[in-house]
Amino acid sequence: MKKTIFATATAMACLVAPAFADDALPAPPTEPYYAPEVRTCDTVELDVYFEPGTAELTSFARDAIREVREQMSGCAVLNIDATSKAGDATTEATKLSLAEARRMTVMSELRAHGIQSAKTNLKTDVSAEASNAVMARDVKLKMDTEVAVVG
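These numbers were taken from a predicted model, which means no experiment stands behind them. (Residues numbered from 1 in each chain as written. Predicted model: local features only at pLDDT ≥ 70, side-chain atom pairs only at ≥ 80, totals over all residues. Heavy atoms only, no water.)

### Brief notes about the state of the cysteines
Spelled out, the test is: The disulfide criterion is simple: two cysteine sulfur atoms within 2.5 Å. Helix numbers and strand numbers start at the N terminus; a helix is a DSSP run of H or I with at least 4 residues, a strand a run of E with at least 2. Relative accessibility decides the category of a residue: with a 1.4 Å probe and only protein chains considered, values under 20% of the type maximum give buried, values over 50% give exposed, and everything between is partly exposed.
Under the criterion given, the structure shown has 1 disulfide. Residue C41 pairs covalently with C75 via a disulfide, S to S 1.9 Å. With the S-S bond torsion at -85°, the cross-link from C41 to C75 turns out left-handed. Taken together, the residues C41 in the loop between α1 (2–16) and β1 (44–49) and C75 in strand β2 (residues 75–85) connect sequence positions 34 residues apart. Owing to a relative accessible area of 14%, C41 belongs among the buried residues under this scheme. Judged by its relative accessible area of 14%, C75 falls in the buried class.

As structure tokens, then:
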């Protein structure tokens, strides 16, 4: 008799056990989960180079500015430091005017992409040595940013 009761109790336990299963565990996800991208707004530095003797942006320079705009989406620009060089010009006056034209070209391109700041520090560097004059034809940008707050 004990064997019959034990067998019956065991069978009943096996049949009733799924009813006591833990329903608190969620079903596994059916679609992949992608963690949200963490947005950090740090200092962004960019060198925009020009062809010798010109103040027109190259396609590479335009692409670089476009990529910086995408990198800075969601960020507010606090400060822009722009230092322009024109070591490829021959005279001091030509260096100054070419460097100014390059800086104006870069700043207008930044504004066209929505990158601007109330605090802007513009410099001109015409002190390139003859050995560095070939590559001294750029505008160096340093932009301090922070996460944009709306409202």
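Don't stop here, the text continues.
### Comments concerning the environment of A133
Structurally, A133 can be placed in the loop between β3 (120–125) and β4 (138–147). Taking C-alpha positions, A133 is 10.0 Å from T90, a pair spaced 43 residues apart along the chain.

### A look at the pairing of β2
The condition that has to hold: Only strands joined by at least two bridges in the DSSP assignment are considered to pair.
A large share of β2 lies buried, amounting to 9 of its 11 residues. Direction of pairing for β2 relative to β4: antiparallel, over a ladder of 9 bridges. Bridge pairing in β4 links N79 to D144. Where β2 lies against β3, 6 bridges are found, and the strand directions are parallel. For K85, the partnering residue across the bridge sits in β3 and is D125.

### Digging into the pattern of salt bridges
We count it as follows: We define a salt bridge as a side-chain nitrogen of Lys or Arg found within 4 Å of a carboxyl oxygen belonging to Asp or Glu.
Applying the stated rule across the entire model yields 7 salt bridges. When the shortest N-O distance is used, the salt bridge between D63 and R66 registers 2.6 Å. Here R66 and D63 lie together in helix α2 (residues 59–71), a separation of 3 residues that amounts to about one turn. You can call R66 partly exposed: its relative accessible area is 33%. We note a salt bridge from D138 to K140, for which the minimum N-O separation is 3.4 Å. Connected via shared salt-bridge partners are D47, D138 and K140.

### Topic: the side chain of K85
For the record, the criterion: When charges are counted, neither His nor the chain ends are considered; positive counts come from Lys and Arg and negative counts from Asp and Glu. Any two residues having at least one pair of non-hydrogen atoms within 4.5 Å are treated as being in contact.
You can see K85 is positioned in strand β2. Comment: no salt bridge for buried K85; closest opposite-charge side chain is D125, at 4.2 Å. Setting aside its immediate chain neighbours within four residues, K85 contacts A99, R102, D125, A136, R137, D138 and K140.

### Quick word on a nonpolar patch on the surface
Under the convention used in this document: Only residues whose relative accessible area exceeds 30% and that take part in no salt bridge are eligible for patches, with like-charged residues grouped when within 9 Å of each other and nonpolar side chains (Val, Leu, Ile, Met, Phe, Trp, Tyr) grouped when within 5 Å. Only the protein chains shown count as cover for residues, with accessible areas throughout obtained via the Shrake-Rupley method and a probe of 1.4 Å.
There is a patch of nonpolar side chains on the surface, built from Y49, V134 and M135 and spanning about 290 Å² of accessible area. For M135, a relative accessible area of 47% puts it in the partly exposed group.

### What to know about the side chain of T83
As for its placement among the helices and strands, T83 is situated in strand β2. Among all residues touching T83, those that are not within four sequence positions of it are K123, D125, D138, V139 and K140.

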